[in-house]
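The chain contents come next:
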Amino acid sequence: MLNESNVSIFLDLLRIKFDNSTASARSIYHESKDENVKRAIAVSCALELIKSEITGCEISNLEYLLDKLPHFTDIIQKSLDVKDDKS
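Residues numbered from 1 in each chain as written. Predicted model: local features only at pLDDT ≥ 70, side-chain atom pairs only at ≥ 80, totals over all residues. Heavy atoms only, no water.

### Observations regarding the overall build of the chain
Under the convention used in this document: In this text, helices come from DSSP runs of H or I with a minimum length of four residues, and strands from runs of E with a minimum of two, each type numbered from the N-terminal end. Each residue is placed in one exposure class: buried if its accessible area under a 1.4 Å probe, protein chains only, is under 20% of its type's maximum, exposed if it is over 50%, and partly exposed if it falls in between. The contact rule is simple, with two residues in contact once any of their heavy atoms fall within 4.5 Å. We get accessible surface area from the Shrake-Rupley algorithm with a probe of 1.4 Å; when it comes to residues, only the shown protein chains can shield them.
Regarding its fold elements, the chain presents 5 helices and 2 strands. Along the chain direction, N to C, the helices and strands of the chain fall in the order α-β-β-α-α-α-α. When burial is assessed residue by residue, the chain has 23% of its 87 residues classed as buried. Counting only contacts in the chain whose residues sit at least 6 apart along the sequence, the fraction spanning at least 24 positions is 54%. Total accessible area on the chain stands at roughly 6600 Å², and carbon and sulfur atoms take up 55% of it.

### Looking at the packing of aromatic side chains
The criterion, for reference: Whether two aromatic rings pair depends on their centres lying within 6.5 Å, for rings of Phe, Tyr and Trp, where Trp uses its six-membered ring; planes under 30 degrees apart make the pair stacked, over 60 edge-to-face, and the rest tilted. Consider the ring centre and the ring normal. A charge sits over the ring if Lys NZ or Arg CZ is within 6 Å of that centre and within 35 degrees of that normal.
Evaluated as defined, the whole model comprises 0 aromatic pairs. We note Lys38 situated over the ring of Tyr29; from NZ or CZ to the ring centre the distance is 5.2 Å.

### A short note on the packing of helix H4 (residues 59-67) against helix H5 (residues 69-80)
Counted only if it meets this: Helix axes are fitted to C-alpha atoms over the stretch in contact, other axes to C-alpha atoms as well, and angles between N-to-C directions run from 0 to 180 degrees. Oblique is the label for any angle not covered by the other classes, which are roughly parallel (under 35 degrees), roughly antiparallel (over 145) and roughly perpendicular (65 to 115). Side-chain classes are defined by residue name, with Ala, Val, Leu, Ile, Met, Phe, Trp, Tyr, Cys and Pro counting as nonpolar, Asp, Glu, Lys and Arg as charged, and the others, Gly among them, as polar.
Following both chains from N to C, one finds H4 and H5 inclined at 50°, their axes separated by 4 Å at the closest point. With respect to H5, the axis of H4 lies oblique. Residues Leu65, Leu66 and Asp67 of H4 form the contact with H5, whose participating residues are Leu69, Pro70 and Phe72. Across the contact of H4 with H5, the residue classes tally to 5 nonpolar, no polar and 1 charged.

### Description of the side chain of Lys38
The cut-off we apply is this: Here the positive residues are Lys and Arg and the negative ones are Asp and Glu; neither His nor the chain ends is included. When a carboxyl oxygen of Asp or Glu is within 4 Å of a side-chain nitrogen of Lys or Arg, the pair counts as a salt bridge.
Mapping Lys38 onto the fold places it in helix H3 (residues 35-53). Despite its burial, Lys38 pairs with no opposite charge, the nearest such side chain being Glu35 at 4.1 Å. Not counting the four nearest positions on each side in its chain, Lys38 is found in contact with Tyr29, Ser32 and Gln77.

### Thoughts on H3
Quick reminder of the rule: An expected span of 1.5 Å times one less than the residue number is assigned to each helix. We call two N or O atoms a polar contact when they sit within 3.5 Å, provided that within protein one can donate a hydrogen and the other can accept it, with sequence-adjacent residues counted only if both atoms are side-chain atoms.
For H3, built from 19 residues, the straight-helix expectation of 27 Å at 1.5 Å per residue is met to within 8% by its first-to-last C-alpha distance of 27 Å. Within H3, the full set of buried residues consists of Lys38, Ile41, Ala42, Cys45, Ala46, Glu48, Ile50 and Ser52. Two or three places before Asn36, at the opening of H3, Asp34 has a side-chain oxygen 2.8 Å from that residue's backbone nitrogen.

### Some remarks on the packing of H3 against H4
Threshold: Note on convention: the crossing is left-handed when the near helix lies turned anticlockwise from the far helix by less than a right angle, right-handed when the turn is clockwise.
Where H3 meets H4, the axes come as close as 10 Å, and the angle between the chain directions of the two elements is 165°. One element, H3, and the other, H4, form an angle in the roughly antiparallel class. In the crossing of H3 with H4, the sense of the turn from one axis to the other is right-handed. Contacts from Leu47, Ile50 and Glu53 of H3 reach H4 at Leu62, Leu65 and Leu66.

This is the structure:
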């Protein structure tokens, strides 16, 4: 379950900056041109989600979640990608 601590971690990982004048948000993820940096940020976010799920869980559940890390990372990275609407 996400709590204020998790939200703070995500804000730190993504370093989201809000611009009230344009009502837009940018992050290190979005400003980076390095795909390795983007992947590392997505992995960190996925690990934080796993961490929030493992409190008191059994080892087999932890192993399952860690086996799914690449999948979770792919989903997070796909969600963070912004498509330019040039219509």
